[in-house]
Amino acid sequence: QVQLVESGGGLVQAGGSLRLVCAASGRTFSSYAMGWFRQAPGKEREFVAAISWSWSGRSTDYADSVKGRFTISRDNAKNTVVLQMNSLKPEDTAVYYCAADRHLTHFSSTWNHWGQGTQVTVSS
């Protein structure tokens, strides 16, 4: 079982940056793919970024809307995953959720472990 806690959300002006951190419990953290999703009011939860880990190293995946602006990273020794968000836009405003699962997909329904979410608001 993996428990996830997000932190780092807040209010920022357009063009600014925020750093979201997800802290995970459990001794098998390194065997999980870790992802970030977001949900804006009235919209479905959408994929943002994810990172997997295997013997061959890390691989990352990003939604087209955040490529070049967001960076996902993980520290298996600290059981954390970080989403660095730069050049933020008002359309990035949403609740951001950390997720964990054995498999990396873009579909929120396939991820079994979720954090409580953290609000990110980008003002224009």
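That block above? That's the structure.
Note that the structure is predicted; figures quoted are calculated from it, not measured.

### Considering the environment of serine 7
Thinking step 1. Structurally, the position occupied by serine 7 is in strand 1 (residues 4-7).
Thinking step 2. Judged by its relative accessible area of 38%, serine 7 is partly exposed.
Thinking step 3. Sequence separation of serine 7 and threonine 80 is 73 residues, and the distance between their C-alpha atoms is 11 Å.
Thinking step 4. Contact partners of serine 7, with chain neighbours within four places excluded, come to Arg19, Leu20 and Val21.

### Here we look at the pattern of salt bridges
Thinking step 1. Under the definition given, this model contains 4 salt bridges.
Thinking step 2. Taken together, the shared-partner salt bridges connect Arg38, Glu46, Arg69 and Asp92 into one network.

### What to know about unusual backbone geometry
Thinking step 1. A positive phi angle, close to 55°, is found at asparagine 79, a residue other than glycine.
Thinking step 2. Within the element layout of this structure, asparagine 79 appears in the loop between strand 7 (70-75) and strand 8 (80-85).
Thinking step 3. According to the relative accessible area criterion, asparagine 79 is buried, its value standing at 16%.
Thinking step 4. We note that serine 87 has phi near 50°; this positive angle belongs to a residue other than glycine.
Thinking step 5. With respect to the helices and strands, the residue serine 87 is situated in the loop between strand 8 and strand 9 (94-101).
Thinking step 6. A residue is classified by how much of its surface remains accessible, and serine 87, at 41% relative accessible area, is partly exposed.

What counts and what doesn't
Residue positions are counted from 1 within each chain, in the order its sequence is given. Predicted model: local features are reported for residues with pLDDT of at least 70 only, side-chain atom pairs are reported and counted for 80 or more only, and whole-chain, interface and lining totals are derived from all residues. Side-chain descriptors were evaluated using all non-hydrogen atoms of the structure, hydrogens and water having been removed beforehand. Strands here are runs of E lasting at least two residues and helices are runs of H or I lasting at least four, both read from the DSSP assignment and numbered beginning at the N terminus. Only protein chains enter the accessibility calculation, which uses a 1.4 Å probe; a residue is then buried when its area is under 20% of its type maximum, exposed when over 50%, and partly exposed in between. Should any heavy atoms of two residues lie within 4.5 Å, those residues are considered in contact. Within this document, salt bridges are pairs made up of a side-chain nitrogen of Lys or Arg and a carboxyl oxygen of Asp or Glu, the two lying within 4 Å of each other.

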